[in-house]
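Spelled out, the chains give:
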Amino acid sequence: MAERNWVKFEFPSDTRNVAFARTAVALFASQLDWTLDELEDIKVAVSEAVSNSIIHGYQLGAGIVRVEVEYEGSKLTIVVEDYGQGIPDVAQAQETGFTTIPEERMGLGFTFMHEYMDEVLVSSEVQKGTKVILIKEVPQRPEG
Amino acid sequence: MAERNWVKFEFPSDTRNVAFARTAVALFASQLDWTLDELEDIKVAVSEAVSNSIIHGYQLGAGIVRVEVEYEGSKLTIVVEDYGQGIPDVAQAQETGFTTIPEERMGLGFTFMHEYMDEVLVSSEVQKGTKVILIKEVPQRPEG
Amino acid sequence: MQCSFNTVGQALIAKLRGELDLHTSPQFKEEITKSFTTHPQIKYLIMDVKDLQFIDSSGLGVILGRYRELEERGGRLFFVEANPHIKRVLQMSGLQKISEFAGSTAEVLQRVEGGQL
Amino acid sequence: MQCSFNTVGQALIAKLRGELDLHTSPQFKEEITKSFTTHPQIKYLIMDVKDLQFIDSSGLGVILGRYRELEERGGRLFFVEANPHIKRVLQMSGLQKISEFAGSTAEVLQRVEGGQL
Ligand SMILES: Nc1ncnc2c1ncn2[C@@H]1O[C@H](COP(=O)(O)OP(=O)(O)O)[C@@H](O)[C@H]1O
Ligand SMILES: Nc1ncnc2c1ncn2[C@@H]1O[C@H](COP(=O)(O)OP(=O)(O)O)[C@@H](O)[C@H]1O
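The structure presented is a predicted model; accordingly, all values stated were derived computationally and were not measured. Every residue gets a number counted from 1 within its own chain, in the order that chain's sequence is written. Starting at A for chains and at 1 for ligands, labels are handed out in the order in which the entities are written. Local features in a predicted model are, by the rule used here, given only for residues with pLDDT of at least 70; side-chain atom pairs are given and counted only at 80 or more, and totals for whole chains, interfaces and linings are based on all residues. The side-chain quantities take in all heavy atoms of the structure and omit both hydrogens and water.

A closer look at the interface of chain A and chain C
Throughout, a residue-residue contact means that at least one pair of heavy atoms, one from each residue, lies within 4.5 Å. Taken together, the contact between chain A and chain C spans 21 residues of the former and 18 residues of the latter. In short, buried area is how much 1.4 Å probe accessible area vanishes from two parts on joining, totalled over both. Three residues stand out in chain A for area buried against chain C, namely Arg22, Met106 and Phe112 of chain A, and they jointly supply 29% of the buried area on that side. A pairing counts as a salt bridge when a side-chain nitrogen of Lys or Arg comes within 4 Å of a carboxyl oxygen of Asp or Glu. At the boundary of chain A and chain C, one finds 3 salt bridges. Residues Arg22 of chain A and Glu19 of chain C are paired through a salt bridge, measuring 2.6 Å at the closest nitrogen-oxygen approach. Put simply, the parts of the chain that give the side of chain A that touches chain C at least two residues each are α1 (16-29), α2 (36-57) and α4 (109-116) of chain A. Per element, the largest residue contribution to the side of chain A that touches chain C is 9 residues, and it comes from α2 of chain A. We call Asp, Glu, Lys and Arg charged. Ala, Val, Leu, Ile, Met, Phe, Trp, Tyr, Cys and Pro are nonpolar, and the rest, Gly among them, are polar. Here the side of chain A that touches chain C is composed, by residue class, of 9 nonpolar, 4 polar and 8 charged. Secondary structure elements are taken from DSSP: a helix is a run of H or I of four residues or more, a strand is a run of E of two residues or more, and numbering for both begins at the N terminus.

Structure, rendered in structure tokens:
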């Protein structure tokens with residue numbers, strides 16, 4: 001059981017920062033007792049959420065992406081937030097294969113987030129921005 | 001020559017976060033073309049500055065540490081800031097061997113920062129906090 | 001991310017190293033598109049992903065784009081030495097249904113050249 | 001950070017793995033202090049730092065603290081298989097003046113047991 005800890009960071013919407021964001025989150029998350037595979041899962045989910053803020057939220061233009069990572073006990077919560085164009089229908093956006101850029105994208109970002117995390121909560125307001133909350137618990141492991 | 005980029009992060013004053021801070025800074029800094037040794041130097045300097053905020057700034061109590069990393073061209077600037085007890089005499093504090101906790105510490109933190117970075121700027125106000133600016137340029141390397 | 005390309009008859013072998021994501025996939029897309037244009041005979045794409053350390057849906061999107069072209073040419077897509085993480089991502093994306101995993105490039109080439117495909 | 005201890009005659013061999021900083025040094029301090037207390041015969045401290053990946057002034061402080069005790073006992077401090085980064089930190093801290101680098105633990109033990117010290 002780990003005592004509560006957190007980090008918040010923000011960076012410009014720039015594709016160079018996707019790798020930084022997912023690796024920094026995994027670095028902080030590694031204060032908990034994940035397997036390497038679970039850390040890889042967390043990286044994919046963060047990569048998808050941050051990429052979405054950059055491509056969809058800011059349409060590859062200027063903007064700020066904020067990431068918060070927090071844990072308490074065995075529960076890890078990651079918040080990825082942008083102040084970009086927002087999502088009109090968050091349920092539809094999360095359907096597998098749904099994408100507003102079909103020429104380029106597969107509509108799998110949210111599907112990956114749901115697959116790799118225990119819980120994904122999306123809230124968004126058009127012209128205001130989008131907030132994605134990713135939750136994952138360290139599984140109970142047999143004592144070794 | 002790298003186009004400007006930056007990240008800001010903040011976390012609670014907690015010794016668990018020293019390793020996170022130095023590794024996250026090195027991770028971001030690695031967008032520039034450092035050698036592994038130079039990245040190691042940056043890690044030591046950040047480790048010293050963040051440790052100082054936690055031990056001296058907040059005397060191992062509660063508080064927030066803020067870190068900003070920014071680069072443009074070949075110049076990397078790191079700012080480590082706390083809102084803790086501050087330093088009455090910043091020149092004296094930077095003397096090799098000077099420490100206010102002689103039973104435990106060696107007074108080498110600032111010496112390491114000066115040794116490993118090109119420039120170190122310290123500003124502080126008693127009861128307000130301390131800001132340390134660490135600057136390092138990627139050396140010109142022979143084309144290879 | 002680094003990628004290198006090699007053609008053997010109708011096969012294009014693309015070797016990826018590093019991380020394929022939103023930032024690095026445009027470079028990969030450009031280079032593989034160039035290979036497809038300069039080698040119109042290509043029907044088999046062999047992705048050597050042994051040294052690929054990370055891939056997300058942005059990276060997969062570029063590979064799927066190439067798959068569509070292969071399909072028009074009546075070709076096939078192979079992934080060589082995929083680690084479990086990459087296998088899982090491919091499975092989830094559905095790319096696995098339209099492609100095959102293989103243990104080595106040589107093995108795929110043998111099948112391609114032996115006319116077993 | 002993990003540390004393990006071994007005594008051979010008057011020598012204490014401390015093997016460090018991982019990162020020694022503000023967070024991890026209290027644990028190391030506690031364990032090495034215990035070893036010094038339970039083995040009052042110890043005069044030689046051999047720090048095996050081959051697998052030590054990081055050290056800063058907080059980590060060095062703990063080692064220096066032990067050095068002071070060794071000095072009172074007329075002992076010596078050795079660093080075995082220090083990488084260039086760790087050598088540099090030790091040099092800058094002045095700890096190098098009061099200690100010696102060695103290539104292997106066996107080499108130091110030989111000198112200690114051979115009465116060459
Ligand atoms: N941060 C965001 N800001 C605005 N729109 C978003 C954001 N994230 C997702 N979306 C919308 O949701 C759709 C589905 O997202 P996703 O499942 O990640 O697939 P993809 O990124 O491949 O389009 C996107 O095409 C986009 O329209
Ligand atoms: N962030 C800080 N807040 C308050 N005091 C500080 C801070 N950083 C350094 N100091 C003061 O400067 C002194 C010297 O710092 P340093 O060279 O890092 O050595 P050490 O940490 O070993 O004491 C400290 O002992 C402390 O009094």
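So much for the structure itself; the text now carries on.
Some details on the packing of α1 of chain A against helix α1 (residues 17-29) of chain B
In contact at an axis separation of 10 Å, α1 of chain A and α1 of chain B are set at 165 degrees when each is read in the N-to-C sense. By the angle class used here, α1 of chain A and α1 of chain B are roughly antiparallel. The interaxial crossing formed by α1 of chain A with α1 of chain B has right-handed handedness. Along the contact surface, α1 of chain A presents Asn17, Phe20, Thr23, Ala24, Leu27 and Phe28 of chain A, while α1 of chain B presents Asn17, Phe20, Thr23, Ala24, Leu27 and Phe28 of chain B. Partitioned by chemical class, the residues of the contact of α1 of chain A with α1 of chain B number 8 nonpolar, 4 polar and no charged. Note on geometry: axes are C-alpha line fits, over the in-contact stretch for helices, and angles between N-to-C directions span 0 to 180 degrees. Put simply, angles under 35 degrees are roughly parallel, angles over 145 are roughly antiparallel, angles from 65 to 115 are roughly perpendicular, and the rest are oblique. Two helices cross in a left-handed way if the nearer one is turned anticlockwise from the farther one by less than a right angle. They cross in a right-handed way if the turn is clockwise.

A word on the pairing of strand β3 (residues 75-82) of chain B
Residue and element names in this part refer to chain B. β3 sits mainly inside the fold: 7 of its 8 residues count as buried. Pairing between two strands is assigned when DSSP locates at least 2 bridges connecting them. As judged from the 8 bridges shared by strand β2 (residues 64-73) and β3, these two strands associate in the antiparallel manner. When the sheet's bridge partners are listed, Val65 is paired in β3 with Asp82. Taking the residues that link successive antiparallel strands as the turn, the β2-β3 hairpin has 1 residue. The sheet contact formed by β3 and strand β5 (residues 129-137) spans 8 bridges and is antiparallel. Bridging from a neighbouring strand, Val80 pairs with Val132 of β5. Note on exposure labels: buried denotes an accessible area under 20% of the residue type's maximum, exposed denotes more than 50%, and partly exposed covers the range between, all computed with a 1.4 Å probe on protein chains only.

Some points on the site of ligand 1
All names here are of chain A. Any residue with at least one heavy atom within 4 Å of a molecule or strand is counted as near it. Around ligand 1 sit 18 residues, and of these Asn52, His56, Thr99, Thr100 and Gly107 come closest. Gly57 places a polar main-chain atom, nitrogen or oxygen, 3.3 Å from a nitrogen atom of ligand 1. Surface burial for ligand 1 is 97%, taken as the share of its 530 Å² of free accessible area covered by protein chains. Looking at the shell around ligand 1, the elements that each hand over two or more residues are α2 and α4. Of all the elements, α2 adds the most residues to the shell around ligand 1, at 4 residues. Looking at side-chain class alone, the shell around ligand 1 contains 6 nonpolar, 10 polar and 2 charged residues. Under the rule applied, a polar contact is a pair of N or O atoms within 3.5 Å (in protein, one hydrogen donor and one hydrogen acceptor; residues adjacent in sequence only if both atoms are side-chain atoms). Surface accessibility follows the Shrake-Rupley procedure with a 1.4 Å probe radius. Residue values consider only the protein chains on display as shielding.

Description of the sheet that holds strand β5 (residues 100-102) of chain C
Residue and element names in this part refer to chain C. Across the sheet, 5 strands lie side by side as β1-β2-β3-β4-β5; this open sheet has mixed pairing. A strand with exactly one partner marks an edge of an open sheet, and here the two such strands are β1 (2-8) and β5. Each strand axis lies, on average, 25 degrees off the axis of its neighbour in the sheet, ignoring direction. Taken together, the 5 bridges between strand β3 (residues 44-55) and strand β4 (residues 76-80) define a ladder with parallel strand orientation. From the neighbouring strand, Tyr44 faces β4, where its bridge partner is Arg76. Relative to β1, helix α1 (residues 25-38) is tilted by about 15 degrees, and along the sheet it contacts β1, β2 (11-20) and β3. Running over the sheet, helix α2 (residues 57-72) touches β2, β3 and β4 and is turned about 175 degrees from β3.

Looking at the pairing of strand β2 (residues 11-20) of chain D
Successive side chains on a regular strand alternate, one facing one side of the sheet and the next facing the other. Residue and element names in this part refer to chain D. Burial analysis of β2 places 7 of its 10 residues in the buried class, which makes it a mostly covered element. Where strand β1 (residues 2-8) and β2 come together, 7 bridges link them in antiparallel fashion. For Ser4, the partnering residue across the bridge sits in β2 and is Lys15. Following β1, the chain reverses through 2 residues before pairing antiparallel with β2; Gly9 in that reversal takes a positive phi of roughly 60 degrees. In the sheet, β2 pairs with strand β3 (residues 44-55) via 9 bridges, with the strands oriented parallel. Each residue of the ladder has a partner; that of Leu20, found in β3, is Ile55. Looking down the strands as they point away from you, a crossover is right-handed if its path from the first strand over the helix to the second goes clockwise. For the segment spanning β2, helix α1 (residues 25-38) and β3, crossover handedness is right-handed.

Observations concerning the site of ligand 2
Residues and elements named next belong to chain B. Neighbouring ligand 2 are 18 residues; Asn52, His56, Thr99, Thr100 and Gly107 lie closest to it. One of the backbone N or O atoms of Gly57 is found 3.3 Å from a nitrogen atom in ligand 2. Within the backbone of Gly107, one N or O atom sits 2.8 Å away from an oxygen atom of ligand 2. Burial of ligand 2 by the protein amounts to 96% of the accessible area it has alone, namely 530 Å². Where the shell around ligand 2 is concerned, the elements lending two or more residues are α2 (36-57) and α4 (109-116). Looking at the shell around ligand 2, the element that brings in the most residues is α2, giving 4 residues.

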